[in-house]
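The chain contents come next:
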Amino acid sequence: MADQRLHRPDDSGGPIDVRTLLELRTWTAFDVDDAGRVLAGHDGSGSVQLVEIATDGRRTPLTALPGPCSGRYVVGERAVVVQHDDAGNELAQLSLLRLDEQRADPAGLDDLVPLVRDEAHLHTLVDVLPGAVVYATNRRNGVDFDVVMRRLDTGEETVVYDAGGYVADTAVAADGRAVVTLHSLQPASTQVWLSAPGVGLRALTDADEHAMHVGASLLPGSGDVVMSSNSGREHLAVVCLAESGVTKVLVEADDHDVVALPSPDGRRLLVVHNVDGGHALALHDPDGHLRLDVPLPARGIVTPVWSADSRSVVVGLVAPTDPGTLLLLAAATGSLRTVVSAAEQMVPALGAALVEPTSYRVPARDGEQIPCFVYAPREKPAGPLAGSVVVTVHGGPEAQAQRVFNPVVQALVSAGHTVLVPNVRGSTGYGKRWYSLDDGRLRLESVADLADLRAWVPAVDGDPERVALYGGSYGGYLVLAGLSMQPESWAAGVDVVGMSSLVTFLENTAPYRRAIREREYGWLDRDLDFLQMASPLTYLDAMASPLLVIHGANDPRVPLSESQQIKAALDAKDVPCTLLVYTDEGHGLAKRANRLDAYPQVLDFLGAHLAG
């Protein structure tokens, strides 16, 4: 399945058509088996489908499902557990795909063997163990998540955790012991529990502490737990919670987060350093001793997965100029081999036209500094878009703008815009203090950061009168908040699946989502006054800038009604507002056909409203 090589439509060096960038195929790492075969995600068909890459490089498409899917190998068998949903509704179902059966074409839904199916509820794949699959489900009451181990031979199920809450992360051992990470009642905080058969539950961390714990894993042959935690510190560090209760720091850094992924046999730690939105990789011994650094071919973001035999790691790498490369890491030597590279589909002229960001710290009104990536045109533009700026805000809010490939950003820069990609307060990746600065009634401090960014644009030769906001999900909320609360500041806005009212959002989002989002934004029964004050719809009378809105009809997180009500309200006051609704999408656009329809309209919209 070779990719067609893509090129500039105009060899004279004109702007890159966003369609050219959207047509670039991406690769995602899902798993690697003991034989070295890689289970990958590839969107060559228009959405992410499963592809197996053999050790000799042969690529075999495995699925042709109506929407995106993911999967893991069944240990010791030629089979894959497939996770899939219906048109982006996020009600994940689990099925089995047997690879030892001859099949002329990639598998459709009818070719999959139902494994865990209940289309009224969510079933998220946690892990695949020898002879068993582990998943999290909210089928008990639609809100709380249980963790279940299901035998693949008999279908017998064992509930390993059912004490309630929103499960953020889980690791389960073959003997049924599990470490379960839950979102706590504190904003952007988690709590870790240990569940053991015949023993019950034991809290490993304090639910009342404002701290984040991620990636908890059980070390084989002991009761020790390895995880990353910022308990009592500013940044995540890799720690070991011994069965005796003693906590030992294994790997730490003073100025950035560090997380680790233990090998299945517990003999190695794959350590990821998150340095200003880019990852560095290293192999450590289980006691934290550095074995070797792993040089990556580009500064970007990695998604590593260990093989069941602990001999290798498949590493997905995405960088600003790389849509997705898969690497195979030999654990014994640290050597990297390229399995497939997205660069194979780009002619040199296209690859050379993509730009890397420059990192800045933007001064804020109160002495804080806002981390920000700036994507600038390679040559100073001289046309009507010279001086135009687009501020692109990430979702979350507990997330981070990172050094990844974004076709819309690259197309905007190629057209002549300067693009600012900030990590406003509330963003992760820059320490506990920074991601806590928007908690509760501090929500509007992140909106105020937008004004600071606009004031700074002359530092990168931008015109403050020609700046637009663009963002998705929570970033879409910030777009609407900026346009409504700072109406004189913004020339235009693009909102993708954003919340126009925190009140109606919390009232109408999926029940299991409400349980976690109220902890971040405020509680409907006791914070209604603030939720109304922080809602863009409250300031509707001030909104005057043209707006483009994009939404998926099946979005369970931010319901379509959030976009419909802002559209209706702006229509009533004759403010230009275009709403694009995609009936086969959920929280964002996962299908290439829809992206090819929506994002060229984004480029045209911003070009029209930011031209000098």
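All values derive from a computational prediction rather than experimental measurement.

Thresholds, definitions, all that
Residues numbered from 1 in each chain as written. Predicted model: local features only at pLDDT ≥ 70, side-chain atom pairs only at ≥ 80, totals over all residues. Heavy atoms only, no water. Pairing = 2+ DSSP bridges. Helix = DSSP H or I, 4+ residues; strand = E, 2+ residues; numbered from the N terminus. Axes fitted to C-alpha atoms, helices over the stretch in contact; angles between N-to-C directions. Core = buried A, V, L, I, M, F, W, Y, C linked by side-chain atoms within 4.5 Å. Buried < 20%, exposed > 50% of the residue type's maximum accessible area, 1.4 Å probe, protein only. Contact = heavy atoms within 4.5 Å. Salt bridge = Lys/Arg side-chain N within 4 Å of Asp/Glu carboxyl O.

1. Quick word on the sheet that holds strand E17 (residues 213-218)
An order of E17-E18-E19-E20 is seen for the four strands of this open sheet, with the pairing classed as antiparallel. Two strands close off the open sheet at either side, each with one partner strand: E17 and strand E20 (247-251). Here the average twist between neighbouring strands, direction ignored, is 25°.

2. Some details on the nonpolar core
In terms of nonpolar packing, the biggest core is built from 90 residues, with Val-391, Leu-420, Leu-453, Leu-547, Ile-550 and Leu-606 touching the most fellow members. Among residues more than four places away in sequence, those in contact with Val-391 are Leu-420, Pro-422, Leu-453, Val-467, Ala-468, Leu-469, Tyr-470 and Trp-490. In terms of nonpolar packing, the next biggest core, distinct from the first, is built from 20 residues, Ala-132, Val-167, Ala-178 and Ile-516 among them.

3. Structural notes on the pattern of salt bridges
By the definition in use, this model includes 40 salt bridges. Notably, a salt bridge pairs Glu-465 with Arg-454, separated by 3.3 Å at the nearest N-O pair. With Glu-465 in the loop between helix H5 (443-456) and strand E33 (467-472) and Arg-454 in helix H5, this pair connects stretches of sequence that are 11 residues apart. Taken together, the shared-partner salt bridges in this structure form one network comprising Arg-365, Asp-366, Arg-425, Glu-445, Asp-449 and Asp-452.

4. Describing the pairing of strand E10 (residues 132-137)
Within E10, six of the six residues are buried, which leaves the element mostly enclosed by the surrounding structure. Neither face of E10 is exposed, since Ala-132, Val-134 and Ala-136 on one face and Val-133, Tyr-135 and Thr-137 on the opposite face are all buried. Both strand E9 (residues 123-129) and E10 contribute to a ladder of six bridges, which runs antiparallel. Looking at the pairing, His-123 lines up with Thr-137 of E10. Two successive antiparallel strands, E9 and E10, enclose a turn made up of two residues, where Gly-131 displays a positive phi of approximately 80°.

5. Some thoughts on the pairing of strand E18 (residues 225-229)
Extensive coverage of E18 is indicated by the burial of five of its five residues. On E18, burial covers both faces: Val-225, Met-227 and Ser-229 on one face and Val-226 and Ser-228 on the other are all buried. The sheet contact formed by E17 and E18 spans four bridges and is antiparallel. From the neighbouring strand, Leu-218 faces E18, where its bridge partner is Val-225. Counting the residues in the hairpin turn of E17 and E18 gives six residues, including Gly-221, whose phi is positive at 75°. Sheet topology note: the E18/strand E19 (residues 237-241) ladder contains five bridges and is antiparallel. For Ser-228, the partnering residue across the bridge sits in E19 and is Val-238.

6. Comments concerning the sheet that holds strand E6 (residues 79-84)
One open sheet holds the four strands; their spatial order is E5-E6-E7-E8, and the pairing between them is antiparallel. Two strands lie at the open edges of the sheet, namely strand E5 (69-73) and strand E8 (113-116), each paired on one side alone. Neighbour-to-neighbour, the strand axes of this sheet turn through a mean angle of 30°, independent of strand direction. Two strands pair when backbone bridges link them, and E5 and E6 are joined in this way by five bridges, in the antiparallel orientation. Bridge assignment links Gly-71 to a residue of E6, and that residue is Val-82.

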